[in-house]
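Listed below, chain by chain, are the residues.
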Amino acid sequence: MSERTNLKQGIREHLGQFSLHVLLVFATGLTIGSERTVVPVLGEDVLGVESFLVIGSFVVSFGFVKALLNLYAGKWGEEYGRKPVLVLGWLTALPIPIILIYAPSWSWITVGNVLLGINQALTWSMAINAKIDLAGPDQRGLAVGIDEAFGYTGVAAGAWITGVIAGRASLRPEPFYFLAVVVVLAFLISIFLVAETVQLARLEADDDHRDANLPFNEVLKRATYGDRTLFAAAQAGHIENFVDTLFWIAVPLYLTSQGLAIEAVGVVVGVHSAMYFLQIGTGGLADRIGRRPPVVAGMFLAGAGVLGMVVVDGYLPWTVLAGLSGLGMALLYPNLMTVPGDAAHPTWRSAGMGVYRMWRDAGYGVGAILIGLSMEFVTLEAAFYLTGVSMFCSGAVVYLWMEETHPEFGTHEPPAPASETPRGAATED
């Protein structure tokens, strides 16, 4: 009891550990970013892959593997603690630079990307859960915003750094030396400097509450379809990843087909990605005004930005609309993830977050398939229409079904368990 009362949550109170987790999520972003620029070109120029669908398949494998491991990462985080899962995630990443350096064929790259999906699921899931544990309910939105802002800054930095290295040296091995240094340092930090945080989550727990200690299968049902608010968040997270996939696959091809130089394409895509850093502010904003308003606004802004890109013509309009869609993503991305953090009981919050992240990151795989098929069998523009209309429809579901989950003024109430005695019935002590 005395140990429990001595524990206290808050970013300021745990600034050292919180900063380490910010550094580690930045390293997680660097790891995936190191593949974004170099690997597709490596497949085409070095390994002789000619099919766009084959090259794009590494996004599909990444998305589905990361989605599945997100689910189990949350479960393991509850059972074994955050730190062991984090260490396992970085251990899984150690072979990736070696595979990329020596891969004789594209199938080896696919294997490496399976390991990347595992790494991203385990390390990013535990980074966000640890930050939420440390911050507490009053700063939950800010914690998620900082996490996502620095994670996606790492993605952009990794893509830029490895691109510069490849331009000055070669496609391999030099860019992947940088990746190896990142992975090894993150692995060592996770082992020797990071402390366990699950005990802080238990500070918020009321084990006598009817919603406490749900079995994993019940958490899966609750976070998928048993709670309309959590369903609205899960489907929105799934669909919004279509936007990220579109900018990963279709936007560069569309803009170059319109005659835009590759350097200018890089600026347009870069402006979109740069807007993600605004999550550091939009997460804190949601701590003050609630989660629902920025999520709803973000879904429609991102959809409008995507649709607008095939309506306008010209470098400046494309750049502005790419930035608009990025702003929408910055508004919705951290706050969608905060919804299950708010709505879940602390005894199963990590598992609930894992279910949300499973459905969200499955959007990479589904989005890559649908966008690839649209481009292959319809037109490049069709991929933009598909993504924009999907965002509008998903945003409508959020508007109609998602209740506010803010811990102070939220209106969301979790559904009663099926075994709960009906109101008004006699109860026994």
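Nothing here was measured: the structure is a model prediction, and the numbers come from that model. (Residues numbered from 1 in each chain as written. Predicted model: local features only at pLDDT ≥ 70, side-chain atom pairs only at ≥ 80, totals over all residues. Heavy atoms only, no water.)

1. Comments concerning the nonpolar core
Ranked by internal contacts, the top residues of the largest apolar core, which has 111 residues, are Trp90, Leu255 and Met309. Once residues lying within four places of it in the same chain are set aside, the contact partners of Leu255 are Leu260, Val265, Val268, Met309 and Trp318. Ile11, Leu134, Ala135 and Ala143 belong to the second largest nonpolar core, which has eight residues in total. (Core = buried A, V, L, I, M, F, W, Y, C linked by side-chain atoms within 4.5 Å. Buried < 20%, exposed > 50% of the residue type's maximum accessible area, 1.4 Å probe, protein only. Contact = heavy atoms within 4.5 Å.)

2. Observations concerning the side chain of Asn129
For Asn129, the position within the fold is in helix H7 (residues 106-135). Given a relative accessible area of 2%, Asn129 falls into the buried group. At a separation of 2.9 Å, a polar atom in the side chain of Asn129 contacts the main-chain carbonyl oxygen of Ser125. Residue contacts for Asn129: discarding those within four places in its chain leaves Arg82, Arg349, Ser350 and Met353. (Helix = DSSP H or I, 4+ residues; strand = E, 2+ residues; numbered from the N terminus. Polar contact = N/O pair within 3.5 Å; in protein donor to acceptor, adjacent residues only side chain to side chain.)

3. Let's talk about helix H9 (residues 174-192)
In a regular helix each residue adds 1.5 Å, so 19 residues correspond to 27 Å; H9 covers 28 Å between its end C-alpha atoms and thus fits that length. Along H9, the residues that are buried comprise Pro175, Phe176, Leu179, Val182, Val183, Ala186, Phe187, Ile189 and Ser190. Down the axis of H9, the smallest arc covering the buried residues is 165°, so these residues share one side. (Expected span 1.5 Å × (residues − 1). Arc of directions from axis to C-beta.)

4. Some thoughts on a nonpolar patch on the surface
A cluster of nonpolar side chains, namely Phe64, Ile369, Leu370, Leu373, Phe377 and Val378, defines an oily patch on the protein surface of about 560 Å² accessible area. Counting residues per element, the nonpolar patch draws most heavily on helix H17 (residues 349-377), which supplies four residues. (Patch = residues over 30% accessible without salt bridge, like charges linked within 9 Å, V, L, I, M, F, W, Y side chains within 5 Å. Areas by Shrake-Rupley, 256 points an atom, 1.4 Å probe, with all protein chains shown as cover. Salt bridge = Lys/Arg side-chain N within 4 Å of Asp/Glu carboxyl O.)

5. Description of the packing of H7 against helix H8 (residues 140-168)
Contact geometry of H7 with H8 gives a least axis separation of 8 Å together with a crossing angle of 150°. As for how H7 packs across H8, the hand of that crossing is right-handed. Across from Trp124, Ala127, Ile128, Lys131, Ile132 and Ala135 in H7, the residues of H8 making contact are Arg140, Ala143, Val144, Asp147, Glu148, Gly151 and Tyr152. Along the lines of polarity and charge, the residues of the contact of H7 with H8 split into eight nonpolar, one polar and four charged. (Axes fitted to C-alpha atoms, helices over the stretch in contact; angles between N-to-C directions. Left-handed = near helix turned anticlockwise from the far one by under 90°. Nonpolar A, V, L, I, M, F, W, Y, C, P; charged D, E, K, R; others polar.)

6. Quick word on the packing of aromatic side chains
This model, assessed by the stated rule, comprises 11 aromatic pairs. Both rings, one in Tyr72 and one in Phe216, keep their centres 6.4 Å apart while their planes meet at 35°; by these two values the pair is tilted. Taken together, the positions of Tyr72 in helix H4 (residues 52-80) and Phe216 in helix H11 (residues 216-226) put the pair 144 residues apart, joining distant regions of the chain. The partly exposed category is assigned to Tyr72, whose relative accessible area is 34%. (Phe/Tyr/Trp six-rings, centres within 6.5 Å; stacked < 30°, edge-to-face > 60°.)

7. Section: the environment of Lys83
Looking at the secondary structure, you find Lys83 in helix H5 (residues 82-93). For the pair formed by Lys83 and Ile191, sequence separation is 108 residues and the distance between their alpha carbons is 8.1 Å. If sequence neighbours within four positions are ignored, Lys83 has contacts with Ser190, Ile191, Val194 and Glu196.

8. Here's the deal with the UniProt feature "transmembrane region" (unreviewed entry) in the protein
Within this structure's numbering, the places UniProt gives as "transmembrane region" (unreviewed entry) are residues 15-32, 52-73, 85-103, 149-170, 176-195, 295-312, 318-337 and 358-377. Helix makes up 85% of residues 176-195 and strand 0%, with an end-to-end C-alpha separation of 29 Å. Summarising residues 358-377: 100% helix, 0% strand, and an end-to-end C-alpha distance of 29 Å. (UniProt positions renumbered as here; feature names shortened; annotations may be inferred.)

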